[in-house]
Amino acid sequence: MRVFAFGIVLALSLLAARADAAGTCGEKKMVVQQLISHGYKALAGAWPWHGAMFLRNGRSTRYACGVTILTEQFVITAAHCTIDDNEKQRIPADRVYIKVGCNNLDANDMHVQQHKIDKIIRHEGYNEGTFEDDIALMKLYTEIEFNSYVQPICLWQGDTTLSKIVSQVGYIIGWGLNETFGEPQELNEATMPIVSKKECIDSDPSHYSKFYFEPKTFCAGYRNGTHAAPGDSGGGMFLQNGQHWVLRGIVSTTKLIPDTLNVDANSFLVFTDASYYTKWIISAANITTSIEIEEDIIELPPSSRPPGDSGNQTNLLNITSCGKDTYPSGTPEEKKGYLNQYPWLAVIEYMNRKTRVLEDTCHAVLIHPSFLVTAAHCVKEKRLSIIRSVRLNDFRLDTVNGTFEIDGETTWTTTTRILVRRTFVHSNFNNPKFANNIALIKLEHPTTANPICLLPKMSILPPPNQCTIIGWKKNFRKEKPLTRRTMVELDDFSYCQSIYAEQNISLDSTGGQMCCSFLHDDDSENCSHFMGSAPFQYVRGGQFEGQYFLAAISSFGHSNCWRYEFSDVFTNVAHYADWIQRKVKKNEK
């Protein structure tokens, strides 16, 4: 049986090359899932260590494989990517160049860097027939400049035993052929569980016994149609370790269907185990620094477990019915109605200490039958008012029960009011100023309303045209505001940081905050912000098709919303996943 060699990216922790970069490898600077086939589009900056390898042949140029950034001068790929399939000879360095910081292969964005290759260092043991030692380094003529879109990965440290990572889910990235065998220009990403040697070889002994070299390789895959494809070769498999991502594997080979020579999407992928070659990599690339990897903290993301796994969760809090969309899959958000569409959206009611009148000034978002998430500044005790209750399923803030005429149709709704039992403010709120702006509200009794889904820690965000902010805007008119919905886009965090730094406000560069833009114009004469803690949400795809996930909640912005150079700052809810999960588990009874 023939085998097709190709590369995919696996996400794991890697080492930084220079002393000043130590501890910063494998960190996403942008807050940004379809297997490479049946995968998800990746946002620019979501995988800053992944690059593209191109081959020149006369006047023509073609994309060949994926690469992973190790240092300013070295990238790593599969050795088979440096062999010309047609001429059956090693490709000289002067025919190769790479691009880093790119998301679309055709786009020429400002953050894309192109570098020529000075030297190709193939592993001396590489076998073109069996793909043993399928690993290579490429030294660049010029140094890569690291920024928000371009970063090095971390190298694996510590115990490399395969049993330590079996069932862990890694991320793979690439521009390989998609499920329709077209060539996608946009970078795709997907998740894939690592499997044991026995499970891999037992799935097809006659095939995998030829290409599995313990402990130099490992297998991964769901065997459900999620697979790498031609063009994904050389990319890495990445695992997350705390704040860092580490390189564990390099896409090497897969199995083909004999009659068609198409990839067998129900087979496992074989990866070169990069951890086995750590000493070779460090020596060849002259890497002198590393980070320590705590083996026990590599955890399987709840939303990435293989289908049928007993630990399968729809979201962080294991609520399988969360975030249900009432519209058919693919319906544009702007075509959806408001009433009963977002049952997790709530307004916090405050009791004025003097007048005893209830006031609305902040949002909260239902994430569990008994818990809502909100901004910390929304629940800190105020001099003139005290938090009393929340209202769910409201539409216009001056009504509790109401009949509304919307698009020519009459709709009736009833708002649910539930008393607040307790609030939990993050212990580091306002340290530094405006940072860690997140809190939980526990209800007096559980609600039957459907909560929104939560992402696991360090999750990526979807394309901008899928993201919306919903809630109520502040205004100074006589009529009370109706629920509003606005499309939102992520902004460059580095630029946003610099603008706010001029106002002596330091933004959290560890991932706790993100900067976003959306239209503030209510009409030609009015401009207003949403009330505090407005949710930034989107409908997720893949196995979570038709379910809303909460990405962030609004934190602060410039008081003058005409000042468009100031992005609005949001709290990245996934960054606090551990804190949320711990608080809910401890206090849900």
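Quick note: structure is the one above.
Criteria and thresholds
Residues numbered from 1 in each chain as written. Predicted model: local features only at pLDDT ≥ 70, side-chain atom pairs only at ≥ 80, totals over all residues. Heavy atoms only, no water. Helix = DSSP H or I, 4+ residues; strand = E, 2+ residues; numbered from the N terminus. Buried < 20%, exposed > 50% of the residue type's maximum accessible area, 1.4 Å probe, protein only. Pairing = 2+ DSSP bridges. Axes fitted to C-alpha atoms, helices over the stretch in contact; angles between N-to-C directions. Contact = heavy atoms within 4.5 Å. Arc of directions from axis to C-beta. Polar contact = N/O pair within 3.5 Å; in protein donor to acceptor, adjacent residues only side chain to side chain. Disulfide = S-S within 2.5 Å. Phe/Tyr/Trp six-rings, centres within 6.5 Å; stacked < 30°, edge-to-face > 60°. Core = buried A, V, L, I, M, F, W, Y, C linked by side-chain atoms within 4.5 Å. Salt bridge = Lys/Arg side-chain N within 4 Å of Asp/Glu carboxyl O.

1. Some details on the overall build of the chain
And then number 1: The secondary structure content of the chain amounts to 6 helices and 34 strands.
And then number 2: A buried classification covers 59% of the 589 residues belonging to the chain.

2. A short note on the sheet that holds strand E20 (residues 358-368)
And then number 1: Reading around the circumference, E19-E20-E21-E26-E25-E22 is the order of the 6 strands in this closed barrel, with antiparallel pairing throughout. Here the strands of the sheet are splayed against their neighbours by 45 degrees on average, with no regard to which way each runs.
And then number 2: Looking at chain direction, strand E22 (residues 385-392) and strand E25 (residues 416-425) are connected through 4 bridges and run antiparallel. Within the sheet, the bridge partner assigned to Val390 lies in E25 and is Ile418.
And then number 3: In the packing of helix H6 (residues 577-587) onto the sheet, the strands contacted are E20, strand E21 (371-374), E25 and strand E26 (439-443), and the crossing angle to E26 comes to about 25 degrees.

3. With respect to the side chain of Thr82
And then number 1: Structurally, Thr82 is set in the loop between strand E6 (74-77) and strand E7 (83-84).
And then number 2: Residue classification places Thr82 among the buried residues on the basis of a relative accessible area of 0%.
And then number 3: Residue contacts for Thr82: discarding those within four places in its chain leaves Met53, Thr77, Gln89, Arg90, Ile91, Ile120, Arg122 and Ala136.

4. Some thoughts on helix H5 (residues 493-501)
And then number 1: Regarding H5, the residues found buried are Phe493, Cys496, Ile499 and Tyr500. For H5, the angular spread of buried residues about the axis comes to 120 degrees, placing them on one side.
And then number 2: At its buried positions, H5 is contacted by strand E31 (513-517), strand E33 (547-556) and strand E34 (568-572).
And then number 3: By the N-cap criterion, in which a side-chain oxygen at the helix start approaches the backbone nitrogen of a residue two or three places on, H5 is capped by Asp492, the distance to Ser494 being 3.2 Å.

5. Focus: the pairing of E31
And then number 1: A large share of E31 lies buried, amounting to 4 of its 5 residues.
And then number 2: The sheet contact formed by strand E30 (residues 489-490) and E31 spans 2 bridges and is antiparallel. Bridging across to E31, Glu489 finds its partner in Ser517.
And then number 3: Sheet analysis places E31 next to E34, joined by 4 bridges and oriented antiparallel. Looking at E34, one finds that Met514 is bridged to Phe570.

6. So, the pairing of strand E14 (residues 188-195)
And then number 1: For E14, the tally of buried residues reaches 8 of 8 residues, placing the bulk of the element in the interior.
And then number 2: Side chains Asn188, Ala190, Met192 and Ile194 of E14 all project onto a buried face; the interleaved residues Glu189, Thr191, Pro193 and Val195 project onto the opposite face, where all are buried too.
And then number 3: Direction of pairing for strand E13 (residues 169-174) relative to E14: antiparallel, over a ladder of 6 bridges. Looking at E14, one finds that Ile173 is bridged to Glu189.
And then number 4: Bridge analysis of E14 against strand E15 (residues 217-220) gives 2 bridges, and the strand direction is antiparallel. Note on E15: the bridge partner recorded for Ile194 is Ala220.

7. Brief notes about the state of the cysteines
And then number 1: Counting across every chain of the model gives 6 disulfides.
And then number 2: Covalent S-S linkage joins Cys200 and Cys219, the inter-sulfur distance amounting to 2.0 Å. The sign of the -50 degrees torsion about the S-S bond sets the Cys200-Cys219 disulfide as left-handed. Of this pair, Cys200 sits in helix H1 (residues 197-203) while Cys219 sits in strand E15; the two residues are 19 residues apart in sequence, bridging distant segments of the chain.
And then number 3: For Cys200, a relative accessible area of 0% puts it in the buried group.
And then number 4: Judged by relative accessible area, Cys219 falls into the buried class, the value being 0%.
And then number 5: Covalently, Cys322 is tied to Cys453 through a disulfide, its sulfur atoms 2.0 Å apart. Its S-S torsion of about 95 degrees marks the bond between Cys322 and Cys453 as right-handed, since a negative value means left-handed.

8. Considerations on the packing of aromatic side chains
And then number 1: Using the criterion set out here, one finds 20 aromatic pairs in the structure.
And then number 2: Aromatic side chains Trp47 and Phe238 sit 6.2 Å apart centroid to centroid with 20 degrees between the ring planes, which places their arrangement in the stacked category. In this pair, Trp47 is assigned in the loop between strand E3 (39-41) and strand E4 (50-57) and Phe238 in strand E16 (residues 236-241), connecting sequence segments 191 residues apart. For the pair Trp47 and Phe238, one class covers both residues: buried.
And then number 3: Ring plane angle 85 degrees and centroid distance 5.9 Å describe the contact between Phe536 and Phe570, whose orientation is recorded as edge-to-face. Note that Phe536 is positioned in strand E32 (residues 535-540) and Phe570 in strand E34, a separation of 34 residues in sequence. Like Phe570, Phe536 is buried.

9. With respect to the sheet that holds E4
And then number 1: Strand order around the closed barrel formed by 6 strands is E4-E5-E6-E11-E10-E9, with antiparallel pairing between neighbours. Geometrically, the sheet is characterised by an average inter-axis angle of 45 degrees between neighbouring strands, direction not taken into account.
And then number 2: Sheet topology note: the E4/strand E5 (residues 60-69) ladder contains 8 bridges and is antiparallel. Looking at E5, one finds that Met53 is bridged to Cys65.

10. Some thoughts on the nonpolar core
And then number 1: Residues Ile367, Leu372, Phe536, Leu550 and Ile580 are the most contacted members of the largest nonpolar core, which totals 67 residues.
And then number 2: Looking at this core, the element that brings in the most residues is E33, giving 6 residues.
And then number 3: Ignoring anything within four residues of it in the chain, the contact list for Leu550 reads Val365, Ile367, Val373, Ile452, Cys453, Leu454, Leu455, Pro535, Phe536 and Val573.
And then number 4: If you look at the next biggest cluster of nonpolar residues, it comprises 51 residues, including Ala46, Ala64, Met138 and Ile144.

11. Here's the deal with the pattern of salt bridges
And then number 1: Across all of its chains, the model carries 14 salt bridges by this definition.
And then number 2: For the salt bridge of Asp84 with Arg95, the shortest nitrogen-to-oxygen distance reads 3.5 Å. With Asp84 in strand E7 and Arg95 in the loop between strand E8 (89-90) and strand E9 (96-100), this pair connects stretches of sequence that are 11 residues apart.
And then number 3: Put simply, Arg391 and Glu349 hold a salt bridge, and the shortest N to O gap is 2.6 Å.

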